[in-house]
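# Report on the structure
Here's the letter readout for the chains.
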Amino acid sequence: MPCISSKLDPIEGPLVRIGISSPDILLPESPHKAVTVWALIDTGADLTSIFASVAEKANVLSLEKRDMVSANHTRAANIYIVNLQVHLADSIVELHALEVMEFAGAERRKCRALLGRDVLCMGSNSFSMANGRYELCLEAPLARASLPKLK
Amino acid sequence: MPLSQPPVLHQDPWPKDSVAQRTAEQVSLNYEAFRKILPTLPPEHLGKFALMKDGAVVDIFDVAMGAYIAGKERFGLGNFSMQKIIDRPVDLGYFSHAMHQL
């Protein structure tokens with residue numbers, strides 16, 4: 001199973017590089033762009049999430065709003081369907097047509113996305129931390145990769 | 001490992017009156033309508049996806065892509081949106097709660 005293992009930066013947390021692109025099935029008239037950013041591996045997040053700036057750069061289209069809870073209120077946030085590429089040590093695992101949520105975070109942090117439990121708990125994926133290091137292993141290919149493409 | 005630099009911001013956003021603008025209007029209209037409709041939907045629809053147009057639920061699908069493909073075929077891109085039938089908000093966790101302060 002493809003994995004990445006790295007030393008944990010206690011300030012930034014466990015990070016992994018991910019690519020975000022618009023599925024060609026959704027935007028046939030749009031030039032496809034893959035935007036690569038750092039994502040925080042976040043077992044506390046229900047859904048994988050991206051900054052609004054990442055969605056804008058990747059030119060992905062929101063087809064839904066969904067309620068999200070924050071520290072002191074609930075608000076509506078955009079949902080995007082994207083292709084997600086997770087960069088591991090020797091390979092890239094791609095998930096097709098994944099729903100991700102838009103959220104606002106501090107731009108001064110390295111991460112521009114959260115890799116949430118929707119990915120971490122899929123199939124036999126695993127994430128662990130020990131002795132100042134973390135390891136993320138993703139099953140590949142994942143079930144969502146087999147979705148049909150629209151002509 | 002060196003950090004990769006973020007790519008340059010996309011310079012040619014969707015033009016006005018484009019698919020994106022019409023979709024955004026449908027998303028907002030249908031989201032507000034969906035909040036009123038949600039309590040009336042049968043519980044067996046929880047977890048499924050509603051295909052919506054002009055404030056009305058027109059069909060229910062098991063997966064988001066099913067709603068998307070049907071919406072595009074029936075109405076054309078920009079003329080529909082979809083809503084997951086879910087009775088609790090998404091929680092992005094404590095990190096997102098505190099992130100504006102970090």
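Now for a look at the structure at hand. The numbers attached to residues start from 1 for each chain and follow its sequence in the written order. To label them, take the chains in the order written and letter them from A, then take the ligands in the order written and number them from 1. Restriction of local features to residues with pLDDT of at least 70 applies here, the model being predicted, together with a cutoff of 80 or more for giving and counting side-chain atom pairs; totals for whole chains, interfaces and linings are based on all residues.

### Focus on the overall build of chain B
- The helix and strand labels rest on DSSP assignments: H or I over at least four residues marks a helix, E over at least two residues marks a strand, and numbering proceeds from the N terminus. Summing up its helical and strand segments, chain B has three helices and four strands in all.
- In chain B, the succession of α and β elements from N to C terminus is α-β-β-α-β-β-α.
- The buried share of chain B, reckoned over its 102 residues, is 25%. Put plainly, a residue is buried at 20 or more neighbouring C-beta atoms within 10 Å of its own, exposed at 12 or fewer, and partly exposed in between, counting only other residues' C-beta atoms, which are placed from the backbone.

### Some details on helix α2 (residues 64-75) of chain B
- In this analysis, the expected span of each helix is defined as 1.5 Å times one less than the number of residues it contains. The end-to-end C-alpha separation of α2 of chain B is 16 Å, in line with the 16 Å expected for 12 residues at 1.5 Å each.
- Of the residues making up α2 of chain B, those classed as buried are A64, M65, A67, Y68 and G71 of chain B. The arc enclosing the buried residues of α2 of chain B, seen along the axis, measures out at 160°, which places them on a common side.
- Any residue pair is listed as a contact if its two C-beta atoms, each placed from the backbone, are within 7 Å. At its buried positions, α2 of chain B is contacted by β5 (62-69), β6 (74-87) and β7 (92-103) of chain A together with β1 (49-53), β2 (56-61) and β3 (81-84) of chain B.
- Positive backbone phi, approximately 90°, marks G76 of chain B, located one or two places after α2 of chain B. This arc is taken over the directions from the axis of the helix to the C-beta atoms.

### Looking at the sheet that holds strand β10 (residues 133-137) of chain A
Residues and elements named next belong to chain A.
- The three strands lie next to each other as β1-β10-β9, forming an open sheet whose pairing is antiparallel. The open sheet has two free edges, formed respectively by β1 (3-7) and β9 (126-130), since each of these has just one partner strand. Sheet twist, expressed as the mean angle between neighbouring strand axes with direction ignored, is 10°.
- If DSSP finds at least two bridges between two strands, the strands pair. Bridge analysis of β1 against β10 gives five bridges, and the strand direction is antiparallel. Each residue of the ladder has a partner; that of C3, found in β10, is C137. Note on geometry: axes are C-alpha line fits, over the in-contact stretch for helices, and angles between N-to-C directions span 0 to 180 degrees.

### What about the pairing of β1 of chain B?
All names here are of chain B.
- With four of its five residues buried, β1 lies for the most part within the structure.
- Summarising the sheet, β1 and β3 pair through four bridges and their orientation is antiparallel. In the strand pairing of β3, L51 is matched with M82.
- Pairing of β1 with β2 involves five bridges; the strand directions are antiparallel. Across the sheet, the residue bridging to L51 is D59, located in β2.
- The turn joining β1 and β2, which pair antiparallel and follow one another in sequence, is formed by two residues; a positive phi near 55° is taken by D54.

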